[in-house]
2 protein chains.
Amino acid sequence: MKFTINKDEFLKALLNSSKIIQSKNTDAILNMLKLEIFDDRLEITGSNGEITIKSIIPRYKDDKTLIRDIQIGGILINAHMITEIIRRIDGDEVNFIVEDNSLAKIQNLKSNFNLNVTRVEEYRDIDFDENGTHLILNRNDFVLAISQTSFASSIKENRDVLKCVNIESDGNEIIFTATDGARLARRIINNSENGQTFNVNVPAKTINEVVKSLTDETEIELYINENKVLFKLNNCVIIMTIVLGSYPNTRNIIPHNYYYRLEVNTQDFLKALDRVVLLSIDRENIVKLTMNEEEVTVSSRSPQIGDAIELLQIYKYQGERLEISFNVEYVSQAIRVLKSEEVILSFLGEMKPFTITSKNDDKVIQLVTPVRTF
Amino acid sequence: MKFTINKDEFLKALLNSSKIIQSKNTDAILNMLKLEIFDDRLEITGSNGEITIKSIIPRYKDDKTLIRDIQIGGILINAHMITEIIRRIDGDEVNFIVEDNSLAKIQNLKSNFNLNVTRVEEYRDIDFDENGTHLILNRNDFVLAISQTSFASSIKENRDVLKCVNIESDGNEIIFTATDGARLARRIINNSENGQTFNVNVPAKTINEVVKSLTDETEIELYINENKVLFKLNNCVIIMTIVLGSYPNTRNIIPHNYYYRLEVNTQDFLKALDRVVLLSIDRENIVKLTMNEEEVTVSSRSPQIGDAIELLQIYKYQGERLEISFNVEYVSQAIRVLKSEEVILSFLGEMKPFTITSKNDDKVIQLVTPVRTF
């Protein structure tokens with residue numbers, strides 16, 4: 001096995017495939033990258049057990065030769081070590097030569113590294129088959145749907161499905177849902193290819209890793225089956241395992257009517273929350289919203305430190321007087337991902353979950369459960 | 001006590017005096033800032049026990065009124081809380097009113113904070129007297145001297161003096177020295193005011209905090225006595241306690257001759273070290289330098305991972321063949337602070353401490369002890 005390769009392209013692919021590898025894996029094989037050189041490409045595969053990224057460097061790109069002097073073959077090599085060597089090495093090209101399937105020589109004019117390597121057969125079997133439901137999605141729609149929902153999934157919960165984003169389609173729309181039990185986020189996007197139904201739970205942490213890899217795509221191609229989701233991107237294939245088990249039925253949780261409605265300027269409201277929350281650090285970031293038609297305030301109180309009250313400057317309110325308390329983190333996160341200049345909070349009562357929606361986009365909804373007012 | 005103050009100037013002073021306050025102090029008083037308003041200024045004092053910073057905001061600056069509506073008085077207030085409130089509050093000005101020496105109201109048109117405060121009498125007594133040896137130093141000389149020495153002080157050592165930079169003057173020159181036992185750094189600057197002798201140990205950590213505060217000064221005025229060093233800066237006074245005990249005698253440690261001399265290009269040498277050190281991560285960053293007139297290499301070897309060798313491109317060497325091993329961190333740090341395009345390494349033998357010097361500045365010297373070559 002040997003090849004001479006463009007250093008910058010090699011580094012980019014190494015970083016892409018190794019970014020999901022944790023610093024210390026109990027399974028030593030997961031500290032390795034699989035490097036396989038073919039006549040027309042180099043494949044670099046990294047995995048953390050839940051997500052696998054295969055980066056592909058073509059031999060020729062546009063008019064440029066990226067790889068030359070190829071002798072086909074494959075080995076496993078320490079991911080951190082090879083990535084750091086290529087990051088620090090000088091020059092435009094680097095030679096990579098494997099002797100006896102046991103030692104890789106990485107060389108240029110002045111640097112000479114010999115790294116112990118492992119036989120390629122020792123890597124995990126990873127199923128790269130393209131089977132199951134085939135979808136093509138607009139990249140921006142997909143990224144928006146994940147960013148507007150995944151933060152609401154649970155990080156501590158014992159039930160693995162609550163650590164996921166649920167992605168479900170009845171054939172027309174694709175619905176993204178995440179909930180940790182105290183809040184819920186939902187986004188709907190169109191499915192241009194009608195008639196395909198599916199329902200999968202994808203871990204929020206890994207789907208966010210996938211989103212980070214979506215840089216120059218305008219469309220993304222994916223295959224969903226009962227075991228995995230496969231993303232086919234430009235020069236990169238990503239496989240993620242899905243979480244089995246049925247997602248809680250959240251269809252009827254979201255109220256469709258309201259008795260109180262507050263429309264606020266996003267920045268004005270977020271900045272007021274950001275200030276009053278300072279005085280609730282010993283009360284788990286709980287603040288109180290007090291609304292009537294004359295005045296809307298947010299306030300907080302800490303027995304040791306003091307209290308704070310903010311008058312909202314820009315708002316519209318419909319309804320009787322209402323006091324409601326909530327966790328600022330939940331409300332701030334929900335508002336931020338809407339990316340709307342104005343947001344609408346709709347309430348049924350002091351102890352009923354309330355919704356936060358965007359003024360101009362009815363395909364996304366955030367739900368937050370209040371806490372008892374102090 | 002009350003005042004209305006320019007918000008940006010207030011925030012700048014709060015940040016300056018609170019930056020040394022740790023997040024959790026066993027002595028609760030050290031979580032506080034002392035705010036004292038006089039007819040002509042506001043003083044904000046913060047301390048961590050080892051270093052005290054008093055920031056001063058004048059009532060008038062140039063043609064601008066920074067503080068108005070003054071009623072003199074003083075209180076202690078939670079440093080984190082007041083700083084975060086002023087950081088987040090909107091508007092150009094903020095009102096600060098204390099009622100009954102127990103509650104501070106911080107207000108503008110829309111925000112209203114009430115913070116519990118403590119009586120000013122409960123703060124520690126801090127000696128701000130300007131006595132002892134009086135010095136005026138060029139700011140850049142002083143900052144360079146600290147940056148070229150303080151990194152070499154010990155961080156683990158039980159002996160407190162080794163955590164210090166020793167600053168000594170015989171009346172002509174001021175000598176800055178730091179050592180952790182395995183390396184030593186020394187810088188000499190001129191003392192324009194002749195005849196003043198002193199010898200103090202200042203903790204490296206706190207002197208680096210002082211350096212961070214030196215932003216717009218061209219000269220710095222200081223007073224050194226047996227208990228403290230007092231820095232009188234633009235709108236800020238800093239007091240640091242000094243460490244008692246005699247500093248080790250290092251005068252005769254630095255060799256004045258050599259048998260082997262290597263001159264290298266700083267960047268070429270540092271980059272080579274940075275690469276080979278990758279293969280010595282399980283050997284405490286030890287690499288080997290092998291020199292003769294035909295070739296100079298740096299190399300490393302790890303039984304598990306592999307080995308690396310680098311050919312230096314740009315060098316001049318005088319002497320017989322020599323192999324010497326050292327900790328890369330020690331050598332890299334010593335070279336970097338010299339800020340010289342070429343550096344000179346001078347050796348007496350394989351197991352003798354060697355010096356690293358700048359080609360164009362004979363007032364600074366770095367000494368490193370080698371380790372046994374593998």
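Residues numbered from 1 in each chain as written. Chains lettered and ligands numbered in written order. Predicted model: local features only at pLDDT ≥ 70, side-chain atom pairs only at ≥ 80, totals over all residues. Heavy atoms only, no water.

Side note on the relation of the copies chain B and chain A
Related by rotation about an axis and a shift along that axis, the two copies of the chain form a pair. When chain B is fitted to chain A, the best match, at an RMSD of 0.0 Å, comes from turning it 180° and sliding it 0.0 Å along the axis. In symmetry terms, the pair is related by a two-fold rotation axis. Residue Ser23(B) of chain B places its C-alpha closer to the rotation axis than any other residue of that unit, at 15 Å. Both copies present the same face, since 100% of the interface residues in chain B are matched by interface residues at the equivalent positions in chain A. (Least-squares fit on C-alpha atoms with pLDDT ≥ 70 in both. Contact = heavy atoms within 4.5 Å.)

Overview of the packing of helix 5 (residues 266–276) of chain B against helix 6 (residues 328–338) of chain B
Residues and elements named next belong to chain B. Between helix 5 and helix 6, whose axes approach to 11 Å, the crossing angle comes to 160°. As the angle between them shows, helix 5 and helix 6 are arranged roughly antiparallel. Note that helix 5 runs across helix 6; the crossing there is left-handed. In this structure, helix 5 contributes Thr266, Phe269, Leu270 and Leu273 to the contact, and helix 6 contributes Val328, Val331, Ser332, Ile335 and Arg336. Looking at the contact of helix 5 with helix 6, its residues break down into six nonpolar, two polar and one charged. (Axes fitted to C-alpha atoms, helices over the stretch in contact; angles between N-to-C directions. Helix = DSSP H or I, 4+ residues; strand = E, 2+ residues; numbered from the N terminus. Parallel < 35°, antiparallel > 145°, perpendicular 65-115°, else oblique. Left-handed = near helix turned anticlockwise from the far one by under 90°. Nonpolar A, V, L, I, M, F, W, Y, C, P; charged D, E, K, R; others polar.)

Comments concerning the interface of chain B and chain A
Frequently, the measure chosen for interface size is the accessible area removed from exposure when the parts meet. Each side of the interface is counted separately: chain B has 32 residues, and chain A has 32 residues. Carbon and sulfur atoms supply 51% of the area buried between chain B and chain A, which totals about 2800 Å² over both sides. Together, Arg88(B), Lys110(B) and Arg275(B) form the three largest contributors to the area buried by chain B at its contact with chain A, with a combined 24%. Scanning the region where chain B abuts chain A turns up eight salt bridges. The interface formed by chain B and chain A includes 22 residue pairs in polar contact (both at pLDDT 80 or more). Those elements that place two or more of their residues in the side of chain B that touches chain A are helix 2 (79–88), strand 11 (111–116), helix 5 and strand 24 (306–311) of chain B. (Buried area = accessible area lost by both parts, 1.4 Å probe. Salt bridge = Lys/Arg side-chain N within 4 Å of Asp/Glu carboxyl O. Polar contact = N/O pair within 3.5 Å; in protein donor to acceptor, adjacent residues only side chain to side chain.)

With respect to the pairing of strand 21 (residues 260–265) of chain B
All names here are of chain B. Across the six residues of strand 21, six count as buried, placing the element largely inside the fold. Residue alternation in strand 21 divides its side chains into two sets, Tyr260, Leu262 and Val264 and Arg261, Glu263 and Asn265, and both sets are buried. When strand 21 meets strand 27 (residues 342–347), the two strands line up antiparallel, connected through six bridges. The residue bridging asparagine 265 from the neighbouring strand is glutamate 342, located in strand 27. Examined bridge by bridge, strand 21 and strand 25 (residues 315–318) share four bridges and lie antiparallel to one another. Paired with glutamate 263 across the two strands is lysine 316, which belongs to strand 25. (Buried < 20%, exposed > 50% of the residue type's maximum accessible area, 1.4 Å probe, protein only. Pairing = 2+ DSSP bridges.)

Examining the pattern of salt bridges
For side chains of opposite charge, pairing can occur when their charged atoms come near one another. All names here are of chain A. This model, assessed by the stated rule, comprises 64 salt bridges over all chains. Residues glutamate 9 and lysine 12 are paired through a salt bridge, measuring 3.9 Å at the closest nitrogen-oxygen approach. On the criterion of helical spacing, the pair formed by glutamate 9 and lysine 12 is a turn pair, its members being three residues apart in helix 1 (residues 7–18). Since its relative accessible area comes to 17%, glutamate 9 is described here as buried.

Things to note about the pairing of strand 18 (residues 219–224) of chain B
Residue and element names in this part refer to chain B. Sheet topology note: the strand 13 (residues 133–138)/strand 18 ladder contains six bridges and is antiparallel. From the neighbouring strand, isoleucine 136 faces strand 18, where its bridge partner is glutamate 221. Note: strand 18 against strand 19 (residues 228–233), four bridges, orientation antiparallel. Note on strand 19: the bridge partner recorded for leucine 222 is phenylalanine 231. Linking strand 18 back to strand 19 in an antiparallel pair, the connection comprises three residues.

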